[in-house]
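Observations on the model geometry
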Amino acid sequence: MNQELNQETVKKIMEAKGEVRGVTLKTDMEFILKEKGEEGLKKLEDELEKLGQLIKFHEIKTMDFYPIGLRAVSLLAIKKVFGFDDEKIKEIGLFATKTSLIIKLFVRYFLSVQRVFMKEAPRLWAKHYTVGELNTVELNEEKKYGIIRLKNINVHPIVCCYLEGYFCGILHLIIKSSRINSQESKCTFRGDEYHEYLLKWE
Amino acid sequence: MVIEKEEEKISTLLEDLTSLESYARDLFSFLPLPVCLASSIGIILEVNPAFENITGYNIEEIIGKPIEDILVKKEFEELAKETLEKGFVRAKELIIFTKEKKEIPTSVSTILRKSEEGEVIGYFVGLFDLSDIKKTEKDLKSAQIALLNMLEDVEEARGRAEEEKNKTVAIINNFTDGLLVFDPENKLSLVNPQAEKIFNIKQRDMINRSIQGLKTFPTVEPLALILFKEIKDIFRKEVQIKENLVIEVSSVPILRGEEKLGNLIILHDITREKLVEKMKTEFVSISAHQLRTPLSAIKWTIRMLLDGDLGAITLEQRDFLEKTYRSNEKMINLINSLLDVTRIEEGRYLYKPVLTEIEPICQFVIKSYEDEIKRKNITVDFKKPEKRIPKIVMDVEKIKLAIQNLLDNAIRYTPPGGKVTIVLKRGKKEVEFSIKDSGVGVPKDQQARIFTRFFRGANVMRMDTEGSGLGLYIVKNIIEAHGGKTRFESEEGKGTTFYFTLPIKEEFTEFLKEF
Amino acid sequence: MEKKIILIEDEEIVLNLLQKKLTLEGYDVSVARDGEDGLKKMKETKPDLVLLDIIMPKKGGFEVMEEMQKDETLKDIPIIVISNSGQPVEIDKAQKLGAKDWLIKTEFDPQEVLEKVKKQFSISG
């Protein structure tokens, strides 16, 4: 969606219902710091302020709950300020799995592919978001793929993009493979009922 | 109200969570030791900054990577197996591979992480960089090798020194002269086998004793007596150890730079030499004795011829006979001198000391040379002091002989028309006799040997071939036997002055003791 | 009357010299070359003086003197001993055996001999 990003559009996004844990914004910050340094972060914060969202990233509390819209707005602002493409957004998602505190606390449960897909993925989602449900539709370890479904959450397509990377990242933590692929196969913004992601590995 | 309370609680909880998060992060980040968390299947889930550093990977590069990427596969498998079995691995030395494929030797420790339910949820891997230690090990090894080499060299040097020492010991032990070494405190520190033989004492009985202590051994006593006085510098002093063992002793200081390490005493057996000398003297003595009678007979025969007892003789016959007579007299004098010398050497030159005046002896001798003095037209001046010269204890015959020899020399070596002056002086404790001539003198380079046996200066040899060279030797012996001293001054071409002194003894008996 | 001297000496040259000198001086000199012969001749001629060498073959001077002392007819005859070396030991012994004077063979000269002989004659008369 190439809508122009301004205060109005932001306000609209912010109206979405639900909350997200501070950790997601924290990981955004870490990515920007890594890529663009403090100056970059400052630029981002300036842009967000312009857009009517005053966010001091350093003061975000990892465990706290924030409006779910922020999740999208942050990414959108990043995209605008730095000119990132979708691939880059995916990368942010992937990166987040490596620095997220919540993931670190969860990792003890990542005992097997089966377990992660079937048991832990929904729980993990619930830890992050107060809306939406995540569960595994299909898992074929032999054929090396899995399909997960995300219901009742429509914030912004950019988040779908982010999540592609994110799910990829999760898989990296449980599968010893250098080639792990994820792709959104169904999306509400394309007219589907829910989001579906096909995860493949070799 | 309730909601507020709840919100407060949540707020507090959140704050605490944040603090906890901070705390955990700091703890983990601060750790200077590389640590990572791996899942049970070996995927790296978490690393600390130190781990990033050592492996060269960034956090996002390494999380999700299998841990076997940084280890040798086989080693990783063993590590995992052991961790699962024992629950931990302590300090296993493994190589890890960095991003640049560099190898770093590390000590790896692992600890299994289990859930409350007992499920294995992964393991912590701690690394300890051994590069420095390895380097130090390598350096130590090099140092060790260097040290070993040095030790080898030292050992070699020691071996050589030992060899040298053995050589030296062999030399000392086999040396045909006796060797004694005294340390700086004058204690005996070395005795070689030959020295043991000389003294007939075992080394162990002599070692470490002082010179005083050595005096108690009868065989060592004569040596100890001379050492006691002058361990500094002895040169070829003769010491009689037993009846047929005469040793020539010399001492040499052992110096190392300026430092004196002791004294080396060399004991050289000269028994044989002494024996040979004795035999020589005996031979001379016997020969001289044998010659005396025939010479006497010749003397008498010629005397009778000259006196006309065997008939009248012609002038020509007289001439030849007189020359023969004089020649014979010289031979008789030589024989007598030789006999005197042998007696001196054999210690048989006996003295009959009496207390008497020296002046008349001088007069007598001068008178006996009257003819010769007149013949050579030499002026002889006898100066005596105004004060009376006291009587001296002396053997009259011997002193007469001494003065005679000196006057004989003075006349013989002074050209005709020359002058001889004899002076008698009284000193505090001695009487000095001097005889000065205006003769040919003694060349500077020969002056040291003037009193030795058979020595004749090169200049007088050319002038007069008849002197025996024994005269001064006998004079020296006589004077020294009296406790006196001899000396002379001479300049070639100008003349010579000989001096001797005889002590004035207060007590006659004291003097006798010395005879 | 001439004085009789017996000369007992084994060395020929010395014997000849002494004999000649003494004879020239006017003495009656008989000679013997060894002690045995000397004693025999002494008993025959009864000399006034004996000049006796000490070291001789057959019988030495000391032996001769000892025998002379035992013989009544000989014991009073004055003896001048001729010593080879002049060693005090020798001279002493000779004197003890009755020698009145001595000559040292290697040193004496004719004058000394005459003087000593004359001296003995003047003493004994």
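Before going into details, it helps to say that this report is about the structure given with it. (Residues numbered from 1 in each chain as written. Chains lettered and ligands numbered in written order. Predicted model: local features only at pLDDT ≥ 70, side-chain atom pairs only at ≥ 80, totals over all residues. Heavy atoms only, no water.)

Along the backbone of chain B there are 17 helices and 17 strands. Taken over 515 residues, chain B has a buried fraction of 40%. Nonlocal contacts in chain B, meaning residues at least 24 apart in sequence, comprise 52% of its contacts between residues at least 6 apart. Of the roughly 30700 Å² of accessible surface on chain B, 55% is carried by carbon and sulfur atoms. (Helix = DSSP H or I, 4+ residues; strand = E, 2+ residues; numbered from the N terminus. Buried < 20%, exposed > 50% of the residue type's maximum accessible area, 1.4 Å probe, protein only. Contact = heavy atoms within 4.5 Å. Areas by Shrake-Rupley, 256 points an atom, 1.4 Å probe, with all protein chains shown as cover.)

Turning our attention to the packing of aromatic side chains. Residue and element names in this part refer to chain A. For the structure on display, the rule yields 14 aromatic pairs over all chains. Aromatic side chains Tyr166 and Phe167 sit 6.5 Å apart centroid to centroid with 80 degrees between the ring planes, which places their arrangement in the edge-to-face category. Take Tyr166: its relative accessible area is 10%, and that puts it in the buried class. Phe167 sits in the buried class, given a relative accessible area of 7%. Aromatic side chains Phe167 and Tyr197 sit 5.0 Å apart centroid to centroid with 75 degrees between the ring planes, which places their arrangement in the edge-to-face category. Taken as a pair, Phe167 in helix H7 (residues 157-174) and Tyr197 in strand S6 (residues 195-201) lie far apart in primary sequence, 30 residues in all. (Phe/Tyr/Trp six-rings, centres within 6.5 Å; stacked < 30°, edge-to-face > 60°.)

The next point concerns the interface of chain C and chain B. If you look at the interface, chain C gives 16 residues, while chain B gives 12 residues. Remark: the boundary between chain C and chain B carries one salt bridge. The partner of Lys21(C) in a salt bridge is Asp309(B), with the nearest N and O atoms 2.3 Å apart. Taken together, the links from chain C to chain B amount to one residue pair in polar contact (both at pLDDT 80 or more). Taken together, the elements giving at least two residues each to the side of chain C that touches chain B come down to helix H1 (12-25) and helix H5 (110-124) of chain C. At seven residues, H1(C) tops the list of elements feeding residues into the side of chain C that touches chain B. (Salt bridge = Lys/Arg side-chain N within 4 Å of Asp/Glu carboxyl O. Polar contact = N/O pair within 3.5 Å; in protein donor to acceptor, adjacent residues only side chain to side chain.)

Looking now at the side chain of Asp340(B). Residues and elements named next belong to chain B. Among the secondary structure elements, Asp340 is positioned in helix H11 (residues 315-345). A distance of 3.0 Å separates a polar atom in the side chain of Asp340 from a polar atom in the side chain of Arg343. Discounting residues that sit within four places of it in the chain, Asp340 has contacts with Tyr349, Leu401 and Ile474.

Glancing now at the interface of chain B and chain A. Contacts between the two partners involve 26 residues from chain B and, on the opposite side, 21 residues from chain A. Of the roughly 2200 Å² buried at the junction of chain B and chain A (both faces included), carbon and sulfur atoms supply 57%. Across the contact surface, chain B and chain A share four salt bridges. At the surface where chain B touches chain A, the tally comes to eight residue pairs in polar contact (both at pLDDT 80 or more). Elements supplying a minimum of two residues to the side of chain B that touches chain A: helix H1 (2-30), strand S2 (44-47), helix H3 (59-62) and strand S5 (120-129) of chain B. At five residues, H1(B) tops the list of elements feeding residues into the side of chain B that touches chain A. Tallied by class, the residues present in the side of chain B that touches chain A amount to 13 nonpolar, four polar and nine charged. (Buried area = accessible area lost by both parts, 1.4 Å probe. Nonpolar A, V, L, I, M, F, W, Y, C, P; charged D, E, K, R; others polar.)

On to the pairing of S2(B), then. Residue and element names in this part refer to chain B. By the bridge criterion, three bridges tie strand S1 (residues 35-38) to S2 in an arrangement that is antiparallel. When the bridges of S2 are listed, Leu37 appears paired with Glu46. Taking the residues that link successive antiparallel strands as the turn, the S1-S2 hairpin has five residues, and the phi of Gly42 there is positive, at about 95 degrees. (Pairing = 2+ DSSP bridges.)

What follows covers the sheet that holds strand S3 (residues 49-53) of chain C. Residue and element names in this part refer to chain C. One open sheet holds the five strands; their spatial order is S2-S1-S3-S4-S5, and the pairing between them is parallel. In this open sheet, the two strands that pair with only one neighbour each are strand S2 (28-32) and strand S5 (99-104). The average undirected angle you get between the axes of adjacent strands in this sheet is 20 degrees. Contacting strand S4 (79-83) and S5, helix H4 (residues 88-96) runs over the sheet at an angle of about 150 degrees to S5. (Axes fitted to C-alpha atoms, helices over the stretch in contact; angles between N-to-C directions.)

Everything listed here is a matter of geometry and, on its own, says nothing about what the molecule does.
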